Amino acid sequence: MGTSQKLNVQKYIRQHWLAYTVGLTAMLLSVSLDMLSPLITQHIIDDVVIARQIELLWKFLLGYLAVGVGRCIFQYTKEYLFDTTAATIGSQLRIDLFRKIQSLSANFFDKINSGELMSRVKDDIDRIWDGLGFIGMLIIEVAVHTLIVLYCMYSMCWKLAVIPTIGMVIAGCVAVFMERKLGGIYEDISQENSVLNNTAQENLSGVRTVKAFAREAFEIKKFFGHNSRYYDLNVKQSRVFVTYYPFILAVTHLLPVLVLLSGGLMVIRRELTLGELSAFVQYSMNIVWPMEMLGWLTNGLSSARASARRINAIYAEMPQITESAHPVILPEVKGTIEFDNVSFVKDESHAILRDVSFTVPAGRTIGIMGATGAGKTTVINMLKRMYDATGGTIRLDGTDIRLLSLEQLRTSIACVMQDVFLFSDTISDNVKLGRKNRLDMPAVKDAVHRAQAGGFVEKMDEQYETVIGERGVGLSGGQKQRLTIARALSRGAPVLVLDDSTSALDTETEQEIQKMLSRLTGTTKIIIAHRISAVRNADEIIVLDKGAVAERGTHGQLLARKGLYYETYKTQYGGTTENN
């Protein structure tokens, strides 16, 4: 099963250590230059204004110019490196998170909705991106700036420096307290954002169903409820912010006044020159903006930390379906499939399959029938290792599928599932699906025509380059099924699975597809259906009932047995008899 993983932000930072080092160096030089401005002001007042050494003025003005130009260069370097590096790391974080999600097994997606995953991939990565970029840069700059300012102030007059130090301690305590208050609120905001996204996505994806059942008012009310909850949480966040942030502002506004009053008394007592007081006031003003930023930076840091915790929850998930350390690679997959007493219990309570056994020799056809919920689709999910059997063994060409590589196993099985899914892309790319560079247009056209889809595709203005909407919106159910059949046929896989794939087709089209399948030699076919017409020509038919094999045989043998298959036949054909 492997060990639990964790989001390691330090790893990404280490990969870009050079850019961050240069950026931090540029930041240090920029802040240091900024600290020279008060000293230049001090000398202008003490040496030029009071001592009347006018000849020094141009040197100090050139000093101002040099400081300004230097700060521009180093500030640009710092901003550019931090922003571009954070963008690079953010992009890699998103890719790695998406790769992690793709590696997880089907059971993970059974318990989480797509809206929540979208929030993790988009919103939470953005928060961490901000933390590694603009917010992280400012936090470091605030720390560096504060330390250098304090050093300059204590070097100039330690008695006066005590005042801003006390102010900083007060502002820092308020910021830490506010961050703790905001941490839990951000967790709730992010969770509600996921629910809100999922509600909107489900509604928009199923908007035609909503309209068909005149459920607009209900859906609006449901969305309004989640939106109100999201609003309330944001108001709660703002309430915390506006409760504590004014204390920080009060400190920052009182600080220069206290420094000026105390420093003025020291100038009167000749403990400080007027130039030194002017420089000290500038330093005290320089320490104001870091304190003012504490509230906003605390906000951003809390958000980034909350996002990291939610992403770690995904990284903590481990795939249940894994390859062996040294998977078996078959030199050629012929397509012999064997289920040997296969059972599957989900969530340790619900038995879906019970001791299912059958063998399909390579190139032969098996039909699987049964009532809804009998376990037909689960058989296919077991075969593709979407889930592992909890009992028994499944073999492909005599090899336990758990020993095979997942890539070879899944590329050897072409599926047409009952839940038809088409991407918002061209018809051609939907048919190719993952084989864009290996499948040419003649092969695409051949697959489309064999699936009886050429007629309607070639009547479209753009034909095979027609872009179909999300999930194939704009196409009929039968058209979508035929395109998914074409997609499966184009792969040329040794095993073809058709899971209720002709349910939306008219009788004539279904018969044409049945004829095509009968001519498809060398391919093992598993046909799951509710219609007798879809499986009647299979070499063997099994009937599932409550997860177990209730009947097996050919079409004629099952009719003669007069069991479940026979009852289904009577229902569909009105009780007529036919020649075996």
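Residues numbered from 1 in each chain as written. Predicted model: local features only at pLDDT ≥ 70, side-chain atom pairs only at ≥ 80, totals over all residues. Heavy atoms only, no water.

(A) Structural detail: the overall build of the protein. Each helix and strand in the protein was counted, giving 21 helices and 10 strands. For the protein, whose C-alpha radius of gyration is 35 Å, the value lies well above the compact-globule estimate of 25 Å for 580 residues. In terms of its C-alpha atoms, the protein occupies a principal-axis envelope of roughly 120 × 50 × 45 Å. Looking at the protein as a whole, 46% of its 580 residues are labelled buried. (Helix = DSSP H or I, 4+ residues; strand = E, 2+ residues; numbered from the N terminus. Rg over C-alpha atoms; globule rule 2.2 N^0.38 Å. Buried < 20%, exposed > 50% of the residue type's maximum accessible area, 1.4 Å probe, protein only.)

(B) Quick peek at the state of the cysteines. Counted under the stated rule, the structure contains 0 disulfides. Of all cysteine sulfurs in the structure, the one in Cys-152 sits closest to Cys-157, which takes part in no disulfide; the separation is 14 Å. (Disulfide = S-S within 2.5 Å.)

(C) Just helix H15 (residues 441-450), in detail. Those residues of H15 that sit buried are Val-444, Ala-447 and Val-448. The buried residues of H15 occupy one face: seen down the axis, they fall within an arc of 100°. The elements touched by buried residues of H15 are helix H14 (427-432), helix H16 (454-457) and helix H17 (477-491). Following H15 by one or two positions, Gln-452 has its phi on the positive side, about 60°. (Arc of directions from axis to C-beta. Contact = heavy atoms within 4.5 Å.)

(D) Fine view of the packing of helix H2 (residues 17-50) against helix H6 (residues 134-156). With their axes 10 Å apart at the nearest point, H2 and H6 run at an angle of 35° to one another. With respect to the hand of their crossing, H2 and H6 are arranged in right-handed fashion. Each of Leu-24, Met-27, Leu-28, Val-31, Ser-32, Asp-34, Met-35, Leu-39 and Gln-42 in H2 lies in contact with H6, whose residues at this interface are Met-137, Ile-140, Glu-141, Val-144, His-145, Ile-148, Val-149, Cys-152 and Met-156. Here the residues of the contact of H2 with H6 are counted per class, giving 13 nonpolar, 3 polar and 2 charged. (Axes fitted to C-alpha atoms, helices over the stretch in contact; angles between N-to-C directions. Left-handed = near helix turned anticlockwise from the far one by under 90°. Nonpolar A, V, L, I, M, F, W, Y, C, P; charged D, E, K, R; others polar.)

(E) Broad picture of unusual backbone geometry. The phi angle at Asn-341 is positive, at roughly 50°, despite the residue not being glycine. In this fold, Asn-341 is placed in strand S1 (residues 337-346). With relative accessibility at 40%, the residue Asn-341 sits in the partly exposed group. Residue Lys-546 is not a glycine yet carries a positive backbone phi of 55°. Given the relative accessible area of 65%, Lys-546 is considered exposed.

(F) Expanded view of the packing of aromatic side chains. With the rule as written, the count across this model stands at 4 aromatic pairs. Pairing Phe-339 with Phe-358 gives two aromatic rings, centres 4.6 Å apart and planes at 15°, and the pair type is stacked. In this pair, Phe-339 is assigned in strand S1 and Phe-358 in strand S2 (residues 350-360), connecting sequence segments 19 residues apart. The exposure classification of Phe-339 matches that of Phe-358, with both residues buried. Their ring planes at 45° and their centres at 5.5 Å tell us that Phe-344 and Tyr-387 sit as a pair that is tilted. (Phe/Tyr/Trp six-rings, centres within 6.5 Å; stacked < 30°, edge-to-face > 60°.)

(G) Broad picture of the sheet that holds strand S6 (residues 413-416). The sheet built from 6 strands is open, its strands ordered S6-S7-S8-S3-S9-S10 with mixed pairing. Strands with a single pairing partner mark the edges of an open sheet, and in this sheet they are S6 and strand S10 (548-553). On average, each strand axis in the sheet is inclined to that of its neighbour by 20°, with strand direction left out of account. Where strand S3 (residues 365-370) meets strand S9 (residues 540-545), 5 bridges bridge the pair, whose relative direction is parallel. Paired with Ile-366 across the strands is Glu-540, a residue of S9. Along the sheet, H17 makes contact with S6 and strand S7 (495-499), crossing S6 at roughly 175°. (Pairing = 2+ DSSP bridges.)

(H) Fine view of the environment of Glu-407. Mapping Glu-407 onto the fold places it in helix H13 (residues 406-411). For the pair Glu-407 and Ile-329, spaced 78 residues apart in sequence, the C-alpha separation works out to 9.8 Å.

(I) Local environment of the sheet that holds strand S5 (residues 399-400). Ordered by their spatial adjacency, 4 strands build an open sheet running S2-S1-S4-S5, and the pairing between neighbours is antiparallel. Each of the sheet's edge strands pairs with one partner strand only, and the pair in question is S2 and S5. Here 7 bridges tie S1 to S2, and the two strands are oriented antiparallel to one another. Pairing of Lys-346 across the sheet is with His-350, part of S2.

(J) How the structure looks around the domain arrangement of the protein. As assigned here, the protein comprises domain 1 (7-157 + 313-319), domain 2 (160-271) and domain 3 (337-574). For domain 1 and domain 3, the distance between their C-alpha centres works out to 55 Å. (Domains from an automatic or database assignment.)

(K) Representation of the side chain of Thr-146. Mapped onto the elements of the fold, Thr-146 is located in helix H6. Residue classification places Thr-146 among the buried positions, given a relative accessible area of 9%. Reaching out from Thr-146, the side chain makes a polar contact with the backbone oxygen of Val-142 at a distance of 2.6 Å. (Polar contact = N/O pair within 3.5 Å; in protein donor to acceptor, adjacent residues only side chain to side chain.)

(L) Just the pairing of S1, in detail. By the bridge criterion, 5 bridges tie S1 to strand S4 (residues 391-396) in an arrangement that is antiparallel. Paired with Ile-337 across the bridge in S4 is Leu-396.

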